[in-house]
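Chain residues, written in single-letter form:
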Amino acid sequence: MPEPETIVAHAARTLDGRTGKLMGRTVLVTAGPTREAIDPVRFLTNHSSGRMGVALAEAAWRRGATVTLVAGSISVDPPVGARVVRVESTVDMRDAVARELPDTDLLIMAAAPADYRPATVAANKLKKTGTSRSLELEENPDILVSTRSARRSRTVVVGFALETEDLLQNARRKLLAKEMDLIVLNDATEPGAGFGVETNRVTILSRNGGDHEALPLLAKSDVADAILDRAEALLDGR
Ligand code: CTP
């Protein structure tokens, strides 16, 4: 017997999906944190739960899309309807995104990939030494930048920016540097927004100019719909 949420999601796709603008479109969403191994039992990660990415994958599927979710170690249930590709590290996530991109109409990078990884992974569990220890880190590839050439020319790209200062300037810089069409800005210091909560307050900026659009505090499912409304409009023009 399927869970009630699964039945509701299928009913919603039947109702929305027939007329939905994402009918026949392929959507690739990334979600959650990546894990970077230190030794066989330890890793570096961050507080991302994957909730926003899962909400986006579910909303896109309801609108009729074929959806793939590339998921790091998400701590919420996977979305109904999407094909889920599980990954561990940022390099794994980059490889999965590069593989899927040639068939993708809309890419939404909602994941929080670790920017750094240990320079070496110890083959055995690191033992206490009775003194302090330092860990050398090296930078991971940027997934959006390093998979740029695998995009179709008409692929619509949506990214996120999690900032604590100079919010709009930093978001606009990332939007241009990573060649996105839309960027969804989160203020990491704001209560009710960001990691691990059910709600989010975001500001959406577009590469095609126009002013930024500050949305009110909303459930993540409503934020997902607001993002998809704007992405659909861009897909229509391509
Ligand atoms: N991102 C990515 N590859 C990474 C890190 C981030 O593709 N290695 C994506 C995220 O999924 C997000 C966007 O880039 O859509 C911005 O991520 P964010 O963490 O805000 O920015 P960074 O580029 O990591 O910059 P910084 O940490 O210096 O703010």
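Once a new chain begins, its residue numbering starts again from 1 and follows that chain's sequence as written. Confidence filtering applies because this is a predicted model: local features only for residues at pLDDT of at least 70, side-chain atom pairs given and counted only at 80 or more, and all residues used for totals across whole chains, interfaces and linings. Derived side-chain values reflect all non-hydrogen atoms in the structure, with water molecules and hydrogen atoms excluded from consideration.

**Student:** For the pairing of strand β9 (residues 156–163), give the residues involved together with the corresponding values.
**Tutor:** The buried fraction of β9 is high, at seven of eight residues. Here, a strand pair is defined by DSSP locating no fewer than two bridges between the strands. Helix and strand assignments follow DSSP, with helices taken as H or I runs no shorter than four residues and strands as E runs no shorter than two, numbered in order from the N terminus. In the sheet, strand β6 (residues 106–109) pairs with β9 via four bridges, with the strands oriented parallel. Bridge pairing links L106 to V156 in β9. Pairing geometry for β9 and strand β10 (residues 182–187), over six bridges, is parallel. Looking across to β10, one finds that E163 is bridged to D187. Seen with the strands pointing away from the viewer, any crossover whose path from the first strand over the helix to the second strand runs clockwise is right-handed. With helix α5 (residues 167–177) bridging β9 and its parallel neighbour β10, the resulting β-α-β unit is right-handed. The buried label applies to any residue whose accessible area, calculated with a 1.4 Å probe on protein chains only, is under 20% of its type's maximum; exposed applies above 50%, and partly exposed to all values in between.

**Student:** Tell me about helix α6 (residues 220–236), and name the residues and values.
**Tutor:** Helix span, expected: 1.5 Å multiplied by one less than the number of residues in the helix. In this model, α6 (17 residues) spans 24 Å end to end at C-alpha, consistent with the 24 Å of a helix rising 1.5 Å per residue. Taken residue by residue, α6 has K220, V223, A224, A226, I227, L228, A231, E232, L234 and L235 as its buried positions.

**Student:** How would you sum up the environment of D225? Please name residues and give values.
**Tutor:** Along the polypeptide, D225 turns up in helix α6. Along the sequence, D225 and L56 sit 169 residues apart, while their C-alpha atoms lie 7.5 Å from each other. Any pair of residues with heavy atoms lying within 4.5 Å of one another is described as a contacting pair. If we ignore the near neighbours within four places in the chain, the residues touching D225 are A59, R62 and R63. Here a polar contact is recorded for every N or O atom pair within 3.5 Å, except that within protein the pair must consist of a potential hydrogen donor and a potential acceptor, and residues adjacent in sequence are included only if both atoms are side-chain atoms. Among the polar contacts made by the side chain of D225, one reaches the side chain of R63 at a distance of 2.9 Å.

**Student:** Now, about the sheet that holds strand β5 (residues 83–86): what can you tell me, with residues and values included?
**Tutor:** If you trace the eight strands from one edge of the open sheet to the other, you get β5-β4-β1-β6-β9-β10-β12-β13, paired in mixed fashion. Looking along the sheet, the strands with just one partner apiece sit at the ends: β5 and β13 (213–214). Pairing geometry for strand β4 (residues 66–71) and β5, over four bridges, is parallel. Counted as the bridge partner of A71 is R86 from β5. Helix axes are fitted only over the stretch in contact, all axes being lines through C-alpha atoms; the angle between N-to-C directions runs from 0 to 180 degrees. Relative to strand β1 (residues 26–31), helix α3 (residues 90–100) is tilted by about 175°, and along the sheet it contacts β1, β4 and β5. Across the sheet, α5 is in contact with β9, β10 and β12 (202–206); its angle to β10 comes to roughly 150°.

**Student:** Quick one: what's the story with the site of the ligand, residue by residue and with numbers?
**Tutor:** Looking at the ligand, there are 14 residues lining it, with M109, I143, F160, K174 and K178 nearest. Between an oxygen atom of the ligand and a side-chain N or O atom of K178, the distance comes to 2.6 Å. At a threshold of 2 Å from the grid points, most atoms of the ligand map onto the largest pocket. Listing elements by their share of the shell around the ligand, those giving two or more residues are α4 (143–146) and β9. Considering every element that reaches the shell around the ligand, the biggest residue donor is β9, with four residues. Any residue with a non-hydrogen atom lying within 4 Å of a molecule or strand is treated as near it. Detection works on a 1 Å grid of protein atoms alone, calling trapped sets that fit a 1.4 Å probe cavities and calling open sets with protein on both sides within 12 Å along at least five of seven lines pockets, with lining residues defined by an atom within 4 Å of a point. In this description, a molecule resides in a pocket or cavity if more than half of its atoms sit within 2 Å of the grid points defining it.

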